[in-house]
Amino acid sequence: MTGFTKLIRLTFGLGLVATLSACGGSGSLGSNPFGSIGSLGGSLGGGGVDAATQQAARTRGAENVAVNRYLWAASLDVLSFLPIESVDPFTGVIVMGYGTPPGGSRSYRATIFITDPALDARSLNVALLTRSGPAAAETTRAIEDAILSRARQLRIADGAL
């Protein structure tokens, strides 16, 4: 890996961390939109705990993940032709490397950000890039629609309706 590639990855990573840390809440356990963190609530008090710590807190060995599982699985399924570079279910970020869709000639790279545990179009953000810059808005919209459709199919197959 060249020094320039490392610099780009480091810059992207730092920008992502800064963006995600700016999204934090007030820090009070009462305002946690992702539900209770169980028995830790009484011992942590009402202040000083940031949103990332709340989301990653463990209750009796089970981790609290703040993303919709159907959107998560559908994103990985629809974009299975792209290599996975990193995933973080606590923040809802999936970063995929360059790959070419079956029957296509242009290579794409995607970053998926699932912002909410609800199965909702507003919970899904897709950034699609080509080697020459951002992909066409129609292409990005088509990918988002395919992910949402697949998520609905997974939910119906799971019997959760």
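Residues numbered from 1 in each chain as written. Predicted model: local features only at pLDDT ≥ 70, side-chain atom pairs only at ≥ 80, totals over all residues. Heavy atoms only, no water.

Chemist: Just give me the short version of the nonpolar core, but keep the residues and values in it.
Modeler: Across soluble globular proteins, you tend to see nonpolar side chains buried next to one another. In terms of nonpolar packing, the biggest core is built from 21 residues, with Leu79, Ile112, Ile114, Leu124 and Ile147 touching the most fellow members. Only helix H4 (69–78), strand E4 (93–99), strand E5 (108–114), strand E6 (124–130) and helix H5 (137–158) provide two or more residues apiece to this core. Beyond its immediate chain neighbours, meaning those up to four positions away, Leu79 contacts Met96, Ala110, Ile112, Ile143 and Ile147. (Core = buried A, V, L, I, M, F, W, Y, C linked by side-chain atoms within 4.5 Å. Buried < 20%, exposed > 50% of the residue type's maximum accessible area, 1.4 Å probe, protein only. Helix = DSSP H or I, 4+ residues; strand = E, 2+ residues; numbered from the N terminus. Contact = heavy atoms within 4.5 Å.)

Chemist: Explain the packing of aromatic side chains residue by residue, including any values.
Modeler: This model, assessed by the stated rule, comprises 0 aromatic pairs. Between Arg131 and the ring centre of Tyr98, over which it is positioned, the NZ or CZ distance is 4.1 Å. (Phe/Tyr/Trp six-rings, centres within 6.5 Å; stacked < 30°, edge-to-face > 60°. Lys NZ or Arg CZ within 6 Å of the ring centre and 35° of its normal.)

Chemist: Which residues make up the sheet that holds E5, and what are the values?
Modeler: Spatial ordering of the open sheet is given by E3-E4-E5-E6-E7, a layout of 5 strands whose pairing is antiparallel. Lying at the two open borders of the sheet, with one neighbouring strand each, are strand E3 (84–88) and strand E7 (133–134). Across 2 bridges, the pairing between E6 and E7 is antiparallel. Bridged to Thr130 within E7 is Gly133. Running at roughly 5° to E4, H4 makes contact with E3, E4, E5 and E6 of the sheet. Here H5 sits on the sheet and contacts E5 and E6; the angle it forms with E6, its principal contact strand, is near 135°. (Pairing = 2+ DSSP bridges. Axes fitted to C-alpha atoms, helices over the stretch in contact; angles between N-to-C directions.)

Chemist: Give me the packing of H4 against H5: which residues, what numbers.
Modeler: Where H4 meets H5, the closest approach of the two axes is 8 Å, and the angle between their N-to-C directions is 125°. One finds that H4 runs oblique with respect to H5. Here H4 and H5 pass one another in a crossing that is right-handed. Contacts between H4 and H5 involve Arg69, Tyr70, Leu71, Ala73, Ala74, Ser75, Asp77 and Val78 from the former and Ala146, Ile147, Leu148, Arg150, Ala151, Leu154, Arg155 and Asp158 from the latter. Partitioned by chemical class, the residues of the contact of H4 with H5 number 10 nonpolar, 1 polar and 5 charged. (Parallel < 35°, antiparallel > 145°, perpendicular 65-115°, else oblique. Left-handed = near helix turned anticlockwise from the far one by under 90°. Nonpolar A, V, L, I, M, F, W, Y, C, P; charged D, E, K, R; others polar.)

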